[in-house]
Amino acid sequence: MVLNTCIIPGMIKVFLVKDNFVPFNFCLVQMFVYYTFVTLESFGLSVLAYDRFIAICFPLHQHSINTVRSMSWILGVIWSVIFGIIIFNTCIMTRLSFCGSVKVFSYFCDYAPVFRLACNDYSLQWSMATTLSLLALLGPLSFIILSYGSILVAVFRMKAPDSRIKALATCTEHLILVAIFYIPILIIFMCGFFGFRIDPDVRVLSLSMASCFPPCLNPIIYSLKTKEIKTKAQALFSRRTKDGV
């Protein structure tokens, strides 16, 4: 919700009203809010993968491992580390001088496109941007991949086919959100890493998909998991199908 509130009004202003002027201080605030909650979204997906890993691989110990205290400690550490890194990354942007073009081709104050406009040395900003990318994307994604690798091993050790299907079904919603969030960002990251040129419009579209879609689809996907909502949705769809026929 906070992430969408941060960028969607600016997106509407840029694409509909054609007003793309942003004061520098507001640019820094938007940059801080955007990268804070994108990073939290990424780590949130890894925490959900951890929860699925414990529930499937250690079902008898789930409630003793995933206690309120342990999960609060995990979330507290994640929030503290992320806030510290993002605050530092945002504050060092004030050390840059902009003497040429100040036009950023994006719908928000993107970190790398902004510091590349600076006239003085931005090697520190580049190093921190690389560190943030590795921390916010590759770290949680690697953990998610390892978690689901362990989950698959545990599932295939189950003797009953129904138990396998039931265990994998609990991971479906999470895997959909992981794909929607990481695939667009990884495409942009890999193209930049291997030196492929990518159209700026495609970059903006990919970032907007990764930023806006998961928070919007999250309540929809997980609400369909509820039996009552699923039954009502199926009844509504069947009724509309009959009316169309």
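Our subject in this report is the structure included herewith. Remember, predicted model here, so these are calculated numbers, not experimental data. (Residues numbered from 1 in each chain as written. Predicted model: local features only at pLDDT ≥ 70, side-chain atom pairs only at ≥ 80, totals over all residues. Heavy atoms only, no water.)

1. Structural notes on the packing of helix 4 (residues 68-91) against helix 6 (residues 123-156)
Argument step 1. Viewed as axis vectors pointing N to C, helix 4 and helix 6 meet at an angle of 155°, and their least axial separation amounts to 11 Å. Overall, the two elements helix 4 and helix 6 adopt an arrangement that is roughly antiparallel. By crossing handedness, the relation of helix 4 to helix 6 is classed as left-handed. Here Ile 85, Ile 86, Phe 88 and Asn 89 of helix 4 come into contact with helix 6, specifically with Met 128, Leu 132 and Leu 135.
Argument step 2. Here the residues of the contact of helix 4 with helix 6 are counted per class, giving 6 nonpolar, 1 polar and no charged. (Axes fitted to C-alpha atoms, helices over the stretch in contact; angles between N-to-C directions. Helix = DSSP H or I, 4+ residues; strand = E, 2+ residues; numbered from the N terminus. Parallel < 35°, antiparallel > 145°, perpendicular 65-115°, else oblique. Left-handed = near helix turned anticlockwise from the far one by under 90°. Contact = heavy atoms within 4.5 Å. Nonpolar A, V, L, I, M, F, W, Y, C, P; charged D, E, K, R; others polar.)

2. Section: helix 6
Argument step 1. End to end, helix 6 covers 48 Å across 34 residues, agreeing with the expected 50 Å (1.5 Å per residue, within 8%).
Argument step 2. Bending of helix 6 peaks at approximately 30° at the position of Leu 138, with proline Pro 140 no more than four residues after it. (Expected span 1.5 Å × (residues − 1). Bend = angle between axes of the 7 residues up to and from the residue.)

3. Section: the pattern of salt bridges
Argument step 1. In this structure the tally under the stated criterion is 1 salt bridge.
Argument step 2. Residues Asp 51 and Arg 52 are paired through a salt bridge, measuring 3.3 Å at the closest nitrogen-oxygen approach.
Argument step 3. With relative accessibility at 17%, the residue Arg 52 sits in the buried group. (Salt bridge = Lys/Arg side-chain N within 4 Å of Asp/Glu carboxyl O. Buried < 20%, exposed > 50% of the residue type's maximum accessible area, 1.4 Å probe, protein only.)

4. Let's talk about the packing of aromatic side chains
Argument step 1. In the structure shown here, the tally under the stated rule is 6 aromatic pairs.
Argument step 2. Relative to Tyr 182, the ring of Phe 181 has its centre 4.9 Å away and its plane inclined at 90°; by these criteria the two rings are edge-to-face.
Argument step 3. On the accessibility criterion, Phe 181 (1% relative accessible area) is buried.
Argument step 4. Residue Tyr 182 is classed as buried on the basis of its relative accessible area, which comes to 2%.
Argument step 5. A network of ring pairs unites the aromatic residues Phe 32, Trp 79 and Phe 83 as a single cluster. (Phe/Tyr/Trp six-rings, centres within 6.5 Å; stacked < 30°, edge-to-face > 60°.)

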